[in-house]
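Residues per chain are reported as follows:
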Amino acid sequence: MNLIKTVLVDDEPRGLKVLELLTSAYADRLDVVAACTDPQEAINRINDLAPELLIMDIQMPTMTAFDMLASLQIKQLEIIFVTAHNQYALRAFQYSAVDYLLKPIDEDQFHKAITKAIERIGQKNVHQNYEALLYNIQQLKHTNDMKICIPDAKGFRVIRVSDIVYCEAESCYTIFHLENKTSLMSSRTLAEYDGLLDPDVFFRIHRSYIVNLQHIKEYHKGEGGQVIMDNQKALEISRRKKEEFFSRMKGMYKY
């Protein structure tokens, strides 16, 4: 089994030691080829060594992690971010199928992140994730313009969040219905996407549906009512969601 070449980056020596200690438990899978406290040194080492996995702090005094990523020549990278700042660019990370860990790092969360990274590297989907991440970082203030990685049976599909008309539960899977009238199935549940998609734009109107509020064409009265989406699909609103739905629509369109 080939070891996964790994680079660690943290501007604090103590933080770097923690990363070295945690990764040492995976010596049978990871080969730590460089451990850097200086971002520019890290850029040089990454471009020279072409690692497959990068575990890095976000906030560094001379250069942010995002500046550093933009300077890399190597694009085939799986990334795990480490940060002391909760919610920092969280949606950009989650949409791009990359992991982040909060300091102090929990060993169980670290294990889960490493396990997923190894799996993604094996699936050869790293380039798509990386490109989506760089794009999403530029769109941090415009989450509906971001791209999202959708895991499926073959690996990942990358789509624009704004192209999602609605999401539909299908057992333990989720079907994405898109603006171009195509659909794709994700191996994640609707509940997971309910927590992931931007609540300013997406709303769960029913246990089976999450709708993009910007793709609603009409509303028809009823016990809970019904929305007609841009693709002409009629979707039921559950009675208990009706009041919140009206509140969200008023907040978005000021009618």
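As shown above, the structure is provided for reference.
Cut-offs applied
The numbering scheme is per chain: residues are counted from 1 as the chain's sequence reads. Only residues with pLDDT of at least 70 get local features here, since the model is predicted, and only at 80 or more are side-chain atom pairs given and counted; chain-wide, interface and lining totals rely on the full set of residues. Only hydrogens and water are removed before side-chain values are computed, so all heavy atoms of the structure are retained for them. Each nonpolar core is a collection of buried residues, namely Ala, Val, Leu, Ile, Met, Phe, Trp, Tyr and Cys, held together in the definition by side-chain atoms within 4.5 Å. Relative accessibility decides the category of a residue: with a 1.4 Å probe and only protein chains considered, values under 20% of the type maximum give buried, values over 50% give exposed, and everything between is partly exposed. The way it works is that DSSP assigns letters per residue, a run of H or I at least four long becomes a helix, a run of E at least two long becomes a strand, and they are numbered from the N terminus. What makes two strands pair is DSSP finding at least two bridges between them. Only the stretch in contact is used when a helix axis is fitted, and all axes are lines through C-alpha atoms; the angle between N-to-C directions ranges over 0 to 180 degrees. Here a residue-residue contact requires only that any non-hydrogen atoms of the pair lie within 4.5 Å.

**Q** Explain the nonpolar core to me, please; I cannot follow it from the model alone.
**A** Residues Leu 54, Met 56, Met 68, Leu 69, Ile 79 and Phe 81 are the most contacted members of the largest nonpolar core, which totals 28 residues. Put simply, the parts of the chain that give this core at least two residues each are strand E1 (4–9), strand E2 (30–36), helix H2 (39–49), strand E3 (53–57), helix H3 (65–70), strand E4 (78–83) and helix H6 (126–138). Counting residues in each nonpolar core, the second largest holds 20 residues, with Ile 4, Leu 16, Ile 55 and Val 82 among its members.

**Q** Would you mind going over the sheet that holds strand E14 (residues 226–229) with me for this structure?
**A** Taken in spatial order, the three strands of this open sheet run E13-E14-E15, and their pairing is antiparallel. The open sheet has two edge strands, strand E13 (216–220) and strand E15 (234–236), and neither has a second partner. Strand-to-strand, the axes of this sheet are offset by a mean angle of 25°, without reference to chain direction. Bridge count between E14 and E15: three bridges; the pairing is antiparallel. Across the sheet, the residue bridging to Val 227 is Leu 235, located in E15. Sitting on the sheet, helix H8 (residues 242–253) is in contact with E13 and E14, with an inclination near 135° to E13.

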